[in-house]
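A look at the structure
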Amino acid sequence: MEIEIWTGDITRLAVDAIVNAANERLLGGGGVDGAIHRAAGPDLLEECRTIGGCPTGEAVITGGYRLPARHVIHTVGPVWHGGAQGEAALLRACYRNCMALSDSHGLESIAFPAISTGVYGYPMRKAAEIAVSEVCAYADKTVRRVIFACFDEAGTAVYSEVLQ
Ligand code: ADP
């Protein structure tokens, strides 16, 4: 499995699936969620409405609509409350469930944003360690290419360090 770090807007990536750091209602929001819904167009929201929601730590898959990506995998990361409220286990579950969904849909390439590290406040370094270790644990499945999409150079630097 190939792992890459890429800096920029995840909505531009032409992969089998991009991951959305969604909220439990799946009705769009700010940050990467807002960017994905804007780029995908209103049909994405329509499909999300039919799903009805997603608990923290779980993941659901939809079409990509106007995105260059074929699918969107929506996962709900934990809100950071200091680390003693099960945040790490929930964030691990997000990555694991996204990889498992990709696998069960035969997807080969997937791009992740840094789930929970924006408005939800998860420290970037701790989040990147979980992202890398959970993705590496899936090395022998159908997914061949994983891209960590970092929104800025600071995030890119953290992921580079962790990957080394
Ligand atoms: P959360 O609520 O899970 O914290 P956010 O969207 O607020 O989600 O932030 C998650 C991460 O996604 C942050 O590191 C943020 O900088 C990054 N981000 C925001 N917009 C984009 C985008 N268009 N492409 C890639 N990453 C993005």
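Residues numbered from 1 in each chain as written. Predicted model: local features only at pLDDT ≥ 70, side-chain atom pairs only at ≥ 80, totals over all residues. Heavy atoms only, no water.

A few words now on the site of the ligand. Surveying the vicinity of the ligand reveals 14 residues, the closest of which are Asp9, Val32, Thr117, Gly118 and Val119. In this structure, Val32 approaches the ligand through a main-chain N or O atom, which is 2.8 Å from an oxygen atom. Measuring from an oxygen atom of the ligand, one finds a backbone N or O atom of Gly118 at 2.8 Å. The protein chains hide 89% of the 560 Å² of surface that the ligand would expose on its own. In this structure, the ligand is accommodated by the largest pocket. Broken down by element, the residue count for the shell around the ligand peaks at three residues, all from helix α1 (residues 31–40). A class-by-class count of the residues in the shell around the ligand yields eight nonpolar, five polar and one charged. (Near = heavy atom within 4 Å. Polar contact = N/O pair within 3.5 Å; in protein donor to acceptor, adjacent residues only side chain to side chain. Areas by Shrake-Rupley, 256 points an atom, 1.4 Å probe, with all protein chains shown as cover. 1 Å grid on protein atoms, 1.4 Å probe; cavity = no way out; pocket = protein on both sides within 12 Å on 5 of 7 lines; lining within 4 Å. Sits in = over half its atoms within 2 Å of the grid points. Helix = DSSP H or I, 4+ residues; strand = E, 2+ residues; numbered from the N terminus. Nonpolar A, V, L, I, M, F, W, Y, C, P; charged D, E, K, R; others polar.)

One finds Ile73, Tyr95, Ile110, Phe112, Phe148 and Tyr159 to be the most contacted residues of the largest nonpolar core, which totals 31 residues. For this core, the secondary-structure elements that each account for two or more residues are β2 (17–22), β3 (59–63), α3 (87–104), β5 (109–112), α4 (124–136), β6 (145–150) and α5 (153–163). Aside from chain neighbours lying at most four places away, what touches Phe112 is Ile10, Val19, Tyr95, Cys98, Met99, Val135, Val146, Ile147, Phe148 and Ala149. Grouped together as the second largest cluster of nonpolar side chains are 19 residues, Val15, Leu44, Cys54 and Leu67 included. (Core = buried A, V, L, I, M, F, W, Y, C linked by side-chain atoms within 4.5 Å. Buried < 20%, exposed > 50% of the residue type's maximum accessible area, 1.4 Å probe, protein only. Contact = heavy atoms within 4.5 Å.)

All told, the structure shown has zero disulfides when counted by the stated rule. Counting only cysteine sulfurs, Cys54 is the nearest neighbor of Cys48, a cysteine outside any disulfide, at a range of 9.8 Å. Under the relative-accessibility criterion, Cys48 is labelled buried at 1%. Of all cysteine sulfurs, the one in Cys98 lies closest to Cys94, which takes part in no disulfide; the gap is 6.5 Å. (Disulfide = S-S within 2.5 Å.)

With that settled, the discussion passes to α1. For α1, every residue scored as buried is listed here: Asp33, Gly34, Ala35, Ile36, His37 and Ala40. The inward-facing, buried residues of α1 abut β2, α2 (42–51) and β4 (71–76). Residue Gly41 follows α1 closely and has a positive phi angle near 90°.

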